[in-house]
Amino acid sequence: MAPQSDGAATFDVNTLLTAIAAAPDANAAMQIAVERLKADLPHYTWVGIYLLEGDELVLGPYLGKPSPHTRIPLNRGICGAAASQKATIIVDDVNADPRYLACSIETKSEIVVPIMLNGEVLGELDIDSDRPAAFDAVDRALLEHVAALLAPKIASARARGEVLPG
Ligand code: SME
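As the structure is a computational prediction, the values presented were derived from the model and not from experiment. (Residues numbered from 1 in each chain as written. Predicted model: local features only at pLDDT ≥ 70, side-chain atom pairs only at ≥ 80, totals over all residues. Heavy atoms only, no water.)

Draft legend 1. Local environment of the site of the ligand. Close contacts around the ligand come from 13 residues, with I78, C79, L101, E110 and D128 the closest. L101 is positioned such that a nitrogen or oxygen atom in its backbone is 2.8 Å from an oxygen atom of the ligand. Relative to its unbound accessible area of 300 Å², the ligand is 100% covered by the protein chains. Elements with a minimum of two residues in the shell around the ligand: β3 (46–53), α3 (77–85) and β8 (120–129). Element by element, the count of residues in the shell around the ligand is highest for α3, at three residues. Of the residues in the shell around the ligand, the class split is eight nonpolar, two polar and three charged. (Near = heavy atom within 4 Å. Polar contact = N/O pair within 3.5 Å; in protein donor to acceptor, adjacent residues only side chain to side chain. Areas by Shrake-Rupley, 256 points an atom, 1.4 Å probe, with all protein chains shown as cover. Helix = DSSP H or I, 4+ residues; strand = E, 2+ residues; numbered from the N terminus. Nonpolar A, V, L, I, M, F, W, Y, C, P; charged D, E, K, R; others polar.)

This is the structure in structure tokens:
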């Protein structure tokens, strides 16, 4: 992928993706993804990963203000909608979306990207921004790539019976 530019900040997307791919296990990969996305993308105000447990999304690694939504049923929130629809959802104005579960009063827009393997949802990436309409096709492509790297690592950890945060 080409370097991504966001105002003053420019970073090498390939460095980010390589770091996630090279992580030794699912926990490390999720931690690296959250840390690098938050550090490298100034418009990513809150970055977190939810893991699907039964019919609930359980909050795993995240950076940003603590969220009251540590467990989200699949029929609630933008998070629940993205997992149920097995599709990325971008919301330009969270306050205009009746599905939205508020995490912070400053949040203006959100993107939720399912982490899937072979059509099965394992979890999702959830990013909030304090900027309205902060997320576009470039963010979507980047985050779907990150999700595709995380999916086999999470699936392997689960197959081995490892306990993942969340
Ligand atoms: N806004 C999400 C809930 C999670 S918080 O943003 C961290 C939603 O509507 O599902």
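Draft legend 2. Representation of the pairing of β8 in the model. A large share of β8 lies buried, amounting to nine of its 10 residues. Alignment of strand β7 (residues 109–117) against β8, held across nine bridges, turns out to be antiparallel. Within β8, the residue paired with L117 across the bridge is E120. As consecutive antiparallel partners, β7 and β8 are separated by two residues, and within that stretch N118 has a phi angle of approximately 50°, a positive value. (Buried < 20%, exposed > 50% of the residue type's maximum accessible area, 1.4 Å probe, protein only. Pairing = 2+ DSSP bridges.)

Draft legend 3. The arrangement of the pairing of β3 in detail. Of all eight residues in β3, seven are buried, a share of seventy percent or more. Pairing between β3 and β8: six bridges, direction antiparallel. Along β8, the bridge assignment pairs V47 with I127. In this structure, β3 lies alongside strand β4 (residues 56–63), joined through six bridges in antiparallel fashion. Along β4, the bridge assignment pairs Y50 with L59.

Draft legend 4. Focus on the packing of helix α1 (residues 13–22) against helix α4 (residues 137–159). Close contact between α1 and α4 brings their axes to 10 Å; oriented N to C, the two are set at 15°. As summarised for this structure, α1 and α4 are arranged roughly parallel, according to the angle between their axes. The two elements α1 and α4 cross, and the hand of that crossing is right-handed. Where α1 abuts α4, its residues V13, L16, L17, I20 and A21 lie against L142, H145, V146, L149, L150 and K153. (Axes fitted to C-alpha atoms, helices over the stretch in contact; angles between N-to-C directions. Parallel < 35°, antiparallel > 145°, perpendicular 65-115°, else oblique. Left-handed = near helix turned anticlockwise from the far one by under 90°. Contact = heavy atoms within 4.5 Å.)

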